[in-house]
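One letter stands for each residue in the lines below.
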Amino acid sequence: MIESLLIANRGEIAVRVVRAARELGVRTVAVYSEPDRLAPHVLAADEAYPIGPAPSTESYLRVDRILEAARLSGARAIHPGYGFLAERAAFARAVQEAGLVFVGPPADTIAAMGDKTEARRRMRDAGVPIVPGLVAPVGDVGAATEAARDIGYPILLKAAAGGGGKGMRAVAEERDLPRAFEAARREAMAAFGDGAIYLERFLERPRHVEIQVLGDGHGNVVHLGERECSIQRRHQKLVEEAPSPVLKPVERAAMGESAVKAAKAVGYVGAGTVEFLFQDGEFFFLEMNTRLQVEHPVTELVTGIDIVAWQLRVASGESLDFAQEEVRLVGHAIECRLTSEDPFRGFLPSTGTITELQVPTGPGVRWDGGIHAGFQVGLHYDPLLAKLIVHAPTRGAAIARMARALDELVIAGVDTSTPFHRRLMEEPDFADGVLSIRYLEEHPELLEDRVMDGGLEAMAVAAALLEEEDRMRHRATRVGDRGGALPSPWRRGLPPWRSG
Ligand code: MV4
């Protein structure tokens, strides 16, 4: 086992990796930017090194400073987490050139999967179903027009240099292609420094279903089942679950087999994710992510496999000690991403000090958090504060458990996405598993600010509740010597007008 590990990340994922490392007896080294000097991931690690001021470009993206911290600390390996440098082949190479272990796949694999047309070509050649379309960029509008005629409209223009929706343009008919092509090229160039564009058939209502894979570098590659990630906003996942509510066992087996084939085709080592679009009983390779995903906990909960621990064990040269036949999915897990954004104002980022944090617990409730009371939430980093994950025997029970946990959750001081998630748990289509990547656009009611229409009533309710709060607080002060709790809507993180 590697003796010491530097985590080149922050927030909840840095805490998560520190936990797995400590359980394996690995010394942990955190790095932090100036505003993160008292952050949970710093307090959780054995040692911590400053790497610069707040801006990511001056801290968490500074390869030289991260390697310097590794040198000073004597760390023998580096875990990149997700985001930041996690999928930069150059970083993986720099780590290896510094004589350290990069916890992740080979740099060449990262590079190959980062080129979306290269990835598609390799998948096609490996017999993995890909979305009908090109496996190489087109040079100009003329070539694009020719290709679109072969593929058939509607088509989707995509950036070869990167995923996540940047540079993507759907085109319904030929006359719209020239303008869309130029716009896609411009956006791709701005986002990735590479304007290469390719084309695919546009799938109108797919689901996003991804498969977790794990390879040990000794010829063993297994899949750990699927995750349903269709509820997204602007290519940001909001909620994930495992297993998918729609996959039949035969579909799960076929998708899993394709994902293993994909991983073997690219010499995958470590934890990775093969993304598919699933539509009308068919699935198509979308992209391969060469990092640990935010949503890995739902897979851990239904399989009982600690994915991060296995990343460290594989990086230490260990072989998998279980076969595919031993992987079992038990129960159902759901993850809500809790972000510092106001869901009723277009997920507008919110900043401030977390004045109160009450984390739900109880059977089947997991909190992967990167915050504490007093934590300053700013705008420098991704708005993900924590993930609330639940596990229960059935999907219905998991939904009920998530609703209960969200009612117990209190994050005061900043707006969070909590009320969106709470509403989602009551939404009938969600309850029925009727999902697609269009779910949010088809359920705008989840993002409406209902307070405005009940404004006066809410004010009256709020005044009454605040008065009750004062009375209860006064009573609690008398009772206080015996520590009486204050049963109040505030306790459950609900705004006063949501006393129900
Ligand atoms: C697609 C697609 C429909 N048809 N490709 C979104 C970003 C990148 N991951 C690929 N994406 C898509 N590719 C074809 N041929 C629809 C999307 C897409 C999407 C995919 C998964 C989850 C959410 C999405 C939101 C918008 C578009």
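Conventions used here
Numbering of residues starts from 1 in every chain and runs along the sequence as written. Given that the model is predicted, a residue must reach a pLDDT of at least 70 before its local features are reported, and side-chain atom pairs must reach 80 or more before they are shown or counted; all residues, however, enter totals for whole chains, interfaces and linings. Note: side-chain values were computed over all heavy atoms of the structure, leaving out hydrogens and water. Put simply, DSSP marks the helices as runs of H or I at least four residues long and the strands as runs of E at least two long, and each gets a number from the N terminus on. The atom set for the radius of gyration is the C-alpha atoms, and the globule formula is 2.2 Å times the number of residues raised to the power 0.38. Per-residue accessibility, obtained with a 1.4 Å probe over protein chains only, is compared with the maximum for each type, and a residue is labelled buried under 20%, exposed over 50%, and partly exposed between these values. Residues count as neighbours in contact if any of their non-hydrogen atoms are within 4.5 Å of one another. Only the protein chains shown count as covering a residue, and every accessible area follows the Shrake-Rupley method with a 1.4 Å probe. When charges are counted, Lys and Arg contribute as positive and Asp and Glu as negative, whereas His and the chain ends are disregarded. Every charge is mapped to an atom, namely NZ of Lys, CZ of Arg, CG of Asp or CD of Glu. For this analysis, a nonpolar core means a set of buried residues of the types Ala, Val, Leu, Ile, Met, Phe, Trp, Tyr and Cys, connected via side-chain atoms within 4.5 Å. Between N or O atoms, a polar contact is any pair within 3.5 Å; within protein, one atom must be a potential hydrogen donor and the other a potential acceptor, and residues adjacent in sequence are included only when both atoms are from side chains. Only protein atoms enter the 1 Å grid, on which a cavity is a set of points fitting a 1.4 Å probe that cannot get out and a pocket is an open set with protein on both sides within 12 Å along at least 5 of 7 lines, lining residues being those with an atom within 4 Å of a point. Grid points are joined across faces, edges and corners, and a volume is the space filled by probe spheres set on the points. For this classification, the nonpolar set comprises Ala, Val, Leu, Ile, Met, Phe, Trp, Tyr, Cys and Pro, the charged set comprises Asp, Glu, Lys and Arg, and every other residue, Gly included, is treated as polar.

1. With respect to the overall build of the protein
Helices and strands together make up the secondary structure of the protein, namely 16 helices and 24 strands. The C-alpha radius of gyration computed for the protein amounts to 24 Å, which stays within 12% of the reference 23 Å derived for 500 residues, consistent with globular compactness. Based on the C-alpha atoms only, the size of the protein along its principal axes is roughly 75 × 55 × 45 Å. Scored against the burial criterion, the 500 residues of the protein give a buried share of 54%. Expressed as a percentage of contacts within the protein between residues at least 6 apart in sequence, the contacts between residues at least 24 apart total 65%. In the structure as shown, the protein presents an accessible area of about 20800 Å², 53% of it carried by carbon and sulfur atoms. In the protein, 58 side chains carry a positive charge and 71 a negative one; their mean positions are 2 Å apart.

2. Focus on the nonpolar core
The nonpolar side chains of soluble globular proteins are, as a tendency, buried together. Core analysis: the largest hydrophobic core is formed by 36 residues, its most contacted members being Ile231, Leu424 and Met425. Put simply, the parts of the chain that give this core at least two residues each are strand 16 (332-339), strand 21 (365-369), strand 23 (384-392), helix 12 (395-408), helix 13 (418-424) and helix 15 (439-442). The element that contributes the greatest number of residues to this core is helix 12, accounting for six residues. Other than its neighbours up to four places away in sequence, methionine 425 contacts Ile334, Cys336, Ile399, Met402, Ala403, Leu406 and Phe430.

3. Quick word on helix 7 (residues 141-151)
Of the positions making up helix 7, those classed as buried are Ala144, Thr145, Ala147, Ala148 and Ile151. Residues of helix 7 that are buried in the fold lie against strand 6 (155-159), helix 8 (177-192) and strand 8 (197-201). Two or three places before glycine 142, at the start of helix 7, stands the capping residue aspartate 140, its side-chain oxygen 3.0 Å from that residue's backbone nitrogen. At the exit of helix 7 stands glycine 152, carrying a positive phi of roughly 95°.

4. Side note on empty space enclosed by the protein
Gaps left between atoms show up when a probe the size of a water molecule is rolled over them. According to the stated counting rule, one finds one cavity of 30 Å³ or more in the structure shown. As a volume, the largest cavity reaches approximately 40 Å³. Contributing to the lining of the largest cavity are 13 residues, with Pro80, Val103, Gly104, Thr290 and Arg291 lying nearest its centre. When the residues that make up the lining of the largest cavity are grouped by side-chain class, the tally is seven nonpolar, five polar and one charged.

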